[in-house]
Amino acid sequence: MTRALPWIVALLISLTANGVMTGLVLHQVVGGPRIDSGPPHDGHRPPPGEGRQGGPGFNIRAFMRNLPEEQREIARNRFDAERETIRELMMDARDAQLAAERALSATPYDPESAAAALNDLRERRFAMESAFEAIVLDVIADLPAEERMQAMQAGRRGPPPHRRGPRGDDRRPPPERF
């Protein structure tokens, strides 16, 4: 066993965890299908997005829902227009993740190839995050500070908890996309 092996294993675990977390966040942002992990409500699954409780992090959907209607429409249009580009950036980042894992676990190990693969991964993740940030910045550019802060606070709190109607049933329209 070489001295570097534990560090390589730790790095692989870290890269995998980062890739999974990035994928989960992006999956939420681009509106991918959900798998509800919460208990069923009276034998029925909760509507998508309402089975989760707000946790740490930033919920882009809650943020968007708390924007004024005009800005929400702009956000929907921008995300729809950029959906394919963002999807390609996500796939590029995933490919770079796999290439980095292969470079780090290659036998014989080539430190220069591994460093280049990690640098490529970092650049692709940055490009993906920059695409999301550009949309959010464009959407909130003309908002007054108070409305920006209200939307930011909503994003930090996450989605609202699942609530029952007055008769115990869920007679509500389906949730909006943002």
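Predicted model only: the values in this text are computed from it and were never measured. (Residues numbered from 1 in each chain as written. Predicted model: local features only at pLDDT ≥ 70, side-chain atom pairs only at ≥ 80, totals over all residues. Heavy atoms only, no water.)

On a plain count of helices and strands, the chain comes out with five helices and zero strands. Helices (α) and strands (β) of the chain occur, in sequence order from the N terminus, as α-α-α-α-α. Scored against the burial criterion, the 178 residues of the chain give a buried share of 29%. Contacts in the chain between residues at least 24 apart in sequence constitute 79% of all its contacts with a sequence separation of at least 6. (Helix = DSSP H or I, 4+ residues; strand = E, 2+ residues; numbered from the N terminus. Buried < 20%, exposed > 50% of the residue type's maximum accessible area, 1.4 Å probe, protein only. Contact = heavy atoms within 4.5 Å.)

Interhelical geometry of helix H3 (residues 69-105) versus helix H4 (residues 111-140) gives an angle of 170° and a closest axis separation of 9 Å. Accordingly, the angle class assigned to the pair H3 and H4 is roughly antiparallel. When its residues are assigned to classes, the contact of H3 with H4 shows 23 nonpolar, three polar and seven charged. (Axes fitted to C-alpha atoms, helices over the stretch in contact; angles between N-to-C directions. Parallel < 35°, antiparallel > 145°, perpendicular 65-115°, else oblique. Nonpolar A, V, L, I, M, F, W, Y, C, P; charged D, E, K, R; others polar.)

Our next topic: the nonpolar core. Formed by 19 residues in total, the largest nonpolar core has its most connected members in Phe63, Met64 and Leu67. Looking at this core, the elements with two or more residues in it are helix H2 (60-65), H3 and H4. The element contributing the most residues to this core is H4, with seven residues. Leu15, Ala100, Leu104 and Ala117 belong to the second largest nonpolar core, which has nine residues in total. (Core = buried A, V, L, I, M, F, W, Y, C linked by side-chain atoms within 4.5 Å.)

Moving on, we get to the confidence of the model for the chain. For the chain, per-residue confidence averages 75 on the pLDDT scale, and 71% of positions sit at 70 or higher. Model confidence for the chain, summarised as mean pLDDT per element, is weakest for H2 at 78 and strongest for H3 at 89. Note that residues 36-55 has pLDDT below 50 and, in this model, 30 contacts with residues that lie over four places away or in other chains. (pLDDT = per-residue confidence, 0-100.)

This next bit is on H4. In a regular helix each residue adds 1.5 Å, so 30 residues correspond to 44 Å; H4 covers 43 Å between its end C-alpha atoms and thus fits that length. Along H4, the residues classified as buried are Ala114, Ala117, Leu118, Leu121, Arg125, Met128, Ala131, Phe132, Ile135, Val136, Val139 and Ile140. (Expected span 1.5 Å × (residues − 1).)

Moving on, we get to the pattern of salt bridges. Taken as a whole and assessed by the stated rule, the structure comprises eight salt bridges. Residues Arg76 and Glu73 are paired through a salt bridge, measuring 2.9 Å at the closest nitrogen-oxygen approach. Taken together, the residues span about one helical turn, with Arg76 and Glu73 both in helix H3 at a distance of three residues. Since its relative accessible area comes to 14%, Arg76 is described here as buried. Owing to a relative accessible area of 37%, Glu73 belongs among the partly exposed residues under this scheme. The partner of Asp80 in a salt bridge is Arg83, and the shortest N-O contact between them spans 3.0 Å. Here Asp80 and its partner Arg83 are both found in helix H3, three residues apart, which amounts to about one turn of the helix. Judged by relative accessible area, Asp80 falls into the partly exposed class, the value being 36%. (Salt bridge = Lys/Arg side-chain N within 4 Å of Asp/Glu carboxyl O.)

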